[in-house]
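# Survey of secondary and tertiary structure
Listed below are the residues making up each chain.
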Amino acid sequence: MDAACVRRWLEVAAARIESERHYLTHLDAAIGDADHGINMHRGFTAVLARLSTLDGAGPGELLTSAGRTFVSIVGGAAGPLYGTAFVQAGQALGSDGAFGPRRLLEIIRASLQGVQRVGAAVVGDKTMVDALAPGLAAFEVGLRHGSFESAVREARAAAMEGARNTIPLQARKGRASYLGPRSVGHQDPGATSTALLFAALEDAVLAQRAQRLAADQPISLGEMHDR
Amino acid sequence: MTAEPNMIQSVGRAARILKALGSEQARLGVTELAERLGLAKATVYGLLRTLEAHQFVEQDIETGKYRLGPALLQLGNAFLDNHELRARSLLWAESLASRAREAVHVGVLYGPNVLIVHHVFRPDDSVQILEVGASIPWHACALGKAMVAFLEPSQRKELLDGGLPRLTGQTLTDPEALVQELDRIVREGVAIEDQEAIVGEAGIAAPLFDHRGAVVGGIALAGPVEHLLPGGAPAGDLLAAVKESARGLSRELGAGRLSLPGAGA
């Protein structure tokens, strides 16, 4: 992966969030403030604007800038949590130009740790961690047994399943926890938006691969080193 | 549940059934309830039928399982209506919300938790969910810290020695740090919470006192951290608004001027 792929990931994520924003808000109306879709859309709109000013930036800088933008633009829990996830990812990358699947795994792990440091949530609390943690785990297992492409596909599937699995859970973190048993029976909006980001990651990786095949480019040194 | 003198066993069992149904995601059948409570199915069935006759539970026609019934809502509302502090706080809470343009919570301490007994929405037409009935660990919210700071030392110690679960990365879970925080609250008469219960949410609370000078509740602004704590510190006018509301309401509850914190300051 490289800066172009990260940029594409954020762009696809923005598009997916935009098309699902009403759904996210609908989910949030049941157990929150009915603003998750609005907040995520506002955040990604600002991220896209920021990206357009960052020509030539490396992938780490892109993610860090996206995170800072999120923190400053987005209110509620989504701003600090997604902002931290992106900033941690960017800082884990540092100034590297190209990176391979193993580094991506470390980056997602850093994001999860950042989110858990801020939110103190564990799997089963009915939060974005319920999509992020299984997505990360599936990606790790996928890399061990198959290709990068199959690993991102499995990560997306696991994150989606994780989001759906929040339905029977009683929220133990966030505003939804105020509802107690009444939070049961609703899918967590944060886990759902996280699953959308995994779907966007898969899209971006597959698109990059397709482009390379078309151009018949050799894989980068960074990726060879990683493998 | 040990049988204590003057306790009616079947009433205790009925209460346990209600609590089980109130804490469960799915509706529960007779067999599940019997297993969970360690009782004979016939006993549980009899209790359920009795509770159903009073509409405390109802049976789902399709599945035959039981869930909580509508009479509990009426009782819950009656509890709130009869709550003296809540009744007296309505106007004060409303005026604090419109003055600060933020949501207001009024809460009381039940064990280690703050029970929200009144909630005025932030007056900005946004969608908000009613948080009356929410139960928040005392150490994680401004209301809880404001109340516990003014408890008797023995009560304060008991709560500090109890569980202090972490709700966010910012929750104070170290008893010594909390003691310092509580002492600061006693000096300043106001408690601040910076995303200690929910990421992105903050609170500013002051305690409420009765005629004996005992803390009976608290009133708080609750809202986005960037509104309440812009730049990391509470906006001065919000602090003043909360303290003034708490003093006014405490006076109405019979507290004398001298028993109020910060009265001499």
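We now turn to the structure provided with this report. Quick caveat: nothing in here was measured; it's all calculated off a predicted structure.

## Quick look at the overall build of chain A
Tallying secondary structure elements over chain A gives ten helices and zero strands in all. Secondary structure elements of chain A occur, N-terminal to C-terminal, as α-α-α-α-α-α-α-α-α-α. Taking 17 Å as the expected radius of gyration for a compact globule of 227 residues, we find that chain A reaches 17 Å, a close match to that expectation. With the principal axes as the frame, chain A shows a C-alpha extent of 55 × 40 × 30 Å. Counting only residues that meet the buried cut, chain A has 56% of its 227 residues in that class. Restricting the contact set of chain A to residue pairs at least 6 apart, pairs at least 24 apart contribute 68%. With an accessible surface of roughly 9200 Å², chain A has 55% of that area assigned to carbon and sulfur atoms. Counting 23 positive and 23 negative side-chain charges, chain A places the averaged centre of each group 3 Å from the other.

## Section: the overall build of chain B
A count of helical and extended segments in chain B gives ten helices and eight strands. Principal-axis analysis of the C-alpha atoms gives chain B an extent of 65 × 45 × 40 Å. Taken across its 265 residues, chain B has 46% of its residues classed as buried. Contacts in chain B between residues at least 24 apart in sequence constitute 55% of all its contacts with a sequence separation of at least 6. Surface summary for chain B: the accessible area is close to 13300 Å², and the carbon and sulfur share equals 54%. Mean positive and mean negative side-chain charge positions of chain B (25 and 32 charges, respectively) differ by 4 Å.

## A look at the sheet that holds strand S4 (residues 113-120) of chain B
Residue and element names in this part refer to chain B. Reading across from one edge, S5-S4-S3-S8-S7-S6 is the order of the six strands in this open sheet, with antiparallel pairing throughout. Each edge of the open sheet is held by one strand with a lone partner, namely strand S5 (135-137) and strand S6 (191-194). Direction aside, the axes of adjacent strands within the sheet are offset by 30 degrees on average. Summarising the sheet, S6 and strand S7 (residues 201-209) pair through four bridges and their orientation is antiparallel. Bridge pairing in S7 places aspartate 194 opposite alanine 202.

## Quick word on the packing of aromatic side chains
Residue and element names in this part refer to chain A. All chains considered together, the criterion is met by seven aromatic pairs over all chains. On the basis of an interplanar angle of 80 degrees and a centroid distance of 5.3 Å, the ring pair of phenylalanine 44 and phenylalanine 70 is categorised as edge-to-face. With phenylalanine 44 in helix H3 (residues 36-51) and phenylalanine 70 in helix H4 (residues 59-73), this pair connects stretches of sequence that are 26 residues apart. Here phenylalanine 44 and phenylalanine 70 have matching classes, each one buried. The exposure class of phenylalanine 70 is buried, given its relative accessible area of 0%. Taken together, Trp9, Phe44, Phe70, Tyr82 and Phe86 form an aromatic cluster joined through their ring pairs.

## Some points on the interface of chain B and chain A
Each side of the interface is counted separately: chain B has 20 residues, and chain A has 23 residues. The partner of arginine 175 of chain A in a salt bridge is glutamate 131 of chain B, and the shortest N-O contact between them spans 2.5 Å. Put simply, chain B and chain A have three residue pairs in polar contact (both at pLDDT 80 or more) between them. Classifying every residue of the side of chain B that touches chain A gives eight nonpolar, eight polar and four charged.

## What to know about the layout of surface pockets
Over the atoms, a rolled probe matching the size of one water molecule traces out where space is still vacant. Taken as a whole, the largest pocket encloses approximately 1400 Å³ of empty space. Forming the boundary of the largest pocket are 32 residues, of which Leu179, Pro181 and Arg182 of chain A together with Gly22 and Leu68 of chain B lie nearest the centre. Every element with two or more residues in the lining of the largest pocket is listed here: helix H1 (9-23), strand S2 (66-68) and helix H4 (71-82) of chain B. Ranked by residue count, the leading element in the lining of the largest pocket is H4 of chain B, at seven residues.

## Some thoughts on the pattern of salt bridges
All names here are of chain B. Counting across every chain of the model gives 27 salt bridges over all chains. Here aspartate 60 ties to arginine 27 by a salt bridge, and the two come within 2.8 Å at their closest N and O atoms. Pair noted here: aspartate 60 is in the loop between strand S1 (57-59) and S2 and arginine 27 is in the loop between H1 and helix H2 (30-37), with a separation of 33 residues, a long-range link. Judged by its relative accessible area of 13%, aspartate 60 falls in the buried class. Residue arginine 27 is classed as partly exposed on the basis of its relative accessible area of 38%. Taken together, the shared-partner salt bridges connect Lys145, Glu181, Arg184, Glu188 and Glu196 into one network.

## What to know about the pairing of S4 of chain B
All names here are of chain B. With seven of eight residues buried, S4 lies mostly within the body of the structure. The pairing of strand S3 (residues 103-110) with S4 spans seven bridges and is classified as antiparallel. By the bridge assignment for S4, glycine 107 is matched with isoleucine 116. Connecting S3 to the antiparallel partner S4 that follows it, the hairpin turn spans two residues, and glycine 111 within it adopts a positive phi of roughly 60 degrees.

## Notes on helix H2 (residues 21-31) of chain A
All names here are of chain A. Turning to H2, its buried residues are Leu24, Thr25, Leu27, Asp28 and Ile31. Buried positions in H2, seen along its axis, are confined to an arc of 160 degrees and lie on one side of it. H2 presents His22 and His26 as exposed residues on the side facing more than 90 degrees away from its buried surface. If you follow the buried residues of H2, they end up packed against helix H1 (3-19), H3 and helix H9 (189-215).

## Comments concerning the environment of leucine 253 of chain B
Residue and element names in this part refer to chain B. With respect to the helices, strands and loops of the structure, leucine 253 is situated in the segment after helix H10 (236-252). Accessibility expressed as a relative area gives 15% for leucine 253, which makes it buried. Each C-alpha atom, one on leucine 253 and one on valine 216, is 9.4 Å from the other, the two residues being 37 residues apart in sequence. Leucine 253 has contacts with Leu85, Arg88, Leu208, Phe209, Asp210, His211 and Val216, leaving out every residue within four places of it along the chain.

Rules and cut-offs
- Residues numbered from 1 in each chain as written.
- Chains lettered and ligands numbered in written order.
- Predicted model: local features only at pLDDT ≥ 70, side-chain atom pairs only at ≥ 80, totals over all residues.
- Heavy atoms only, no water.
- Helix = DSSP H or I, 4+ residues; strand = E, 2+ residues; numbered from the N terminus.
- Rg over C-alpha atoms; globule rule 2.2 N^0.38 Å.
- Buried < 20%, exposed > 50% of the residue type's maximum accessible area, 1.4 Å probe, protein only.
- Contact = heavy atoms within 4.5 Å.
- Areas by Shrake-Rupley, 256 points an atom, 1.4 Å probe, with all protein chains shown as cover.
- Lys, Arg positive; Asp, Glu negative; His and termini not counted.
- Charge placed at Lys NZ, Arg CZ, Asp CG, Glu CD.
- Pairing = 2+ DSSP bridges.
- Axes fitted to C-alpha atoms, helices over the stretch in contact; angles between N-to-C directions.
- Phe/Tyr/Trp six-rings, centres within 6.5 Å; stacked < 30°, edge-to-face > 60°.
- Salt bridge = Lys/Arg side-chain N within 4 Å of Asp/Glu carboxyl O.
- Polar contact = N/O pair within 3.5 Å; in protein donor to acceptor, adjacent residues only side chain to side chain.
- Nonpolar A, V, L, I, M, F, W, Y, C, P; charged D, E, K, R; others polar.
- 1 Å grid on protein atoms, 1.4 Å probe; cavity = no way out; pocket = protein on both sides within 12 Å on 5 of 7 lines; lining within 4 Å.
- Points joined across faces, edges and corners; volume = space filled by probe spheres on them.
- Arc of directions from axis to C-beta.

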